[in-house]
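Chain by chain, the residues run as shown.
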Amino acid sequence: MKNPDAIYFQSKGFPEFRFMSNFFLSRFTDGQFTYPSVEHYYQSQKTFDKTEALAIMNAPHPAVARKLGQQVLLDKNWDERKLFVMRVGCRLKFEQREDLSAMLAATYPLELIEFAPWGDTFWGVDKNYEGQNNLGIILMEIRMDLIKGTK
């Protein structure tokens, strides 16, 4: 059921909250590489093949990075690592962009929900508003850390 007191976001709809999407272009670094978006970061971490990872990092658009990431030979521990990788990528994005961290903090105390009508019930909720909403949960964790001044 749709929560009327929540903020819904995605890469195409809800333009005022699009900054929370992994497709939002927000250049950041992990100390070794620079990524155009969280999607580029996340998809590049799926493989230990340097050539594949670099192709994803240099993809011209987050959608291309996603498509390339769906074609790589997955790290055998990917299912155990993917939540950690997403936390790291999102944290880097918001910690390195003061404008975005202020915008994220300003959403407090509302629940953040990625609306994924295409059916991604792991990272968001589907058109029936059902799903795990792991991306929203990660963003709310980061938001609390930003508000508390911890990292």
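These numbers were taken from a predicted model, which means no experiment stands behind them.

Procedures and definitions
Residues numbered from 1 in each chain as written. Predicted model: local features only at pLDDT ≥ 70, side-chain atom pairs only at ≥ 80, totals over all residues. Heavy atoms only, no water. Helix = DSSP H or I, 4+ residues; strand = E, 2+ residues; numbered from the N terminus. Rg over C-alpha atoms; globule rule 2.2 N^0.38 Å. Buried < 20%, exposed > 50% of the residue type's maximum accessible area, 1.4 Å probe, protein only. Phe/Tyr/Trp six-rings, centres within 6.5 Å; stacked < 30°, edge-to-face > 60°.

Undergrad: Any chance you could explain the overall build of the protein here in plain terms?
TA: Scanning the protein for helices and strands turns up six helices and four strands. Here the C-alpha atoms of the protein give a radius of gyration of 15 Å, agreeing with the 15 Å that 2.2 N^0.38 yields for 151 residues. Referenced to the eigenvectors of the C-alpha coordinate spread, the extents of the protein come out at roughly 45 × 35 × 25 Å. Across the 151 residues that make up the protein, the buried fraction comes to 43%.

Undergrad: Is there a simple way to think about the packing of aromatic side chains in this case?
TA: Each aromatic ring pair is described using two quantities: the centre-to-centre distance and the angle formed by the ring planes. Going through the model one piece at a time under the given rule, you end up with twelve aromatic pairs. On the basis of an interplanar angle of 90 degrees and a centroid distance of 6.3 Å, the ring pair of Tyr-8 and Phe-115 is categorised as edge-to-face. One end of the pair, Tyr-8, is in strand E1 (residues 6–9); the other, Phe-115, is in the loop between strand E4 (111–114) and helix H6 (134–148), and 107 residues separate them in sequence. For the pair Tyr-8 and Phe-115, a shared accessibility class is recorded, and that class is buried. Residues Tyr-8 and Tyr-129 carry aromatic rings whose centres are separated by 5.7 Å and whose planes lie at 75 degrees to one another, so their mutual orientation is edge-to-face. Here Tyr-8, found in strand E1, pairs with Tyr-129, found in the loop between E4 and H6; they are 121 residues apart in sequence, far enough to count as distant. Under the relative-accessibility criterion, Tyr-129 is labelled partly exposed at 26%. One aromatic cluster in this structure is built from Tyr-8, Phe-14, Phe-115 and Tyr-129.

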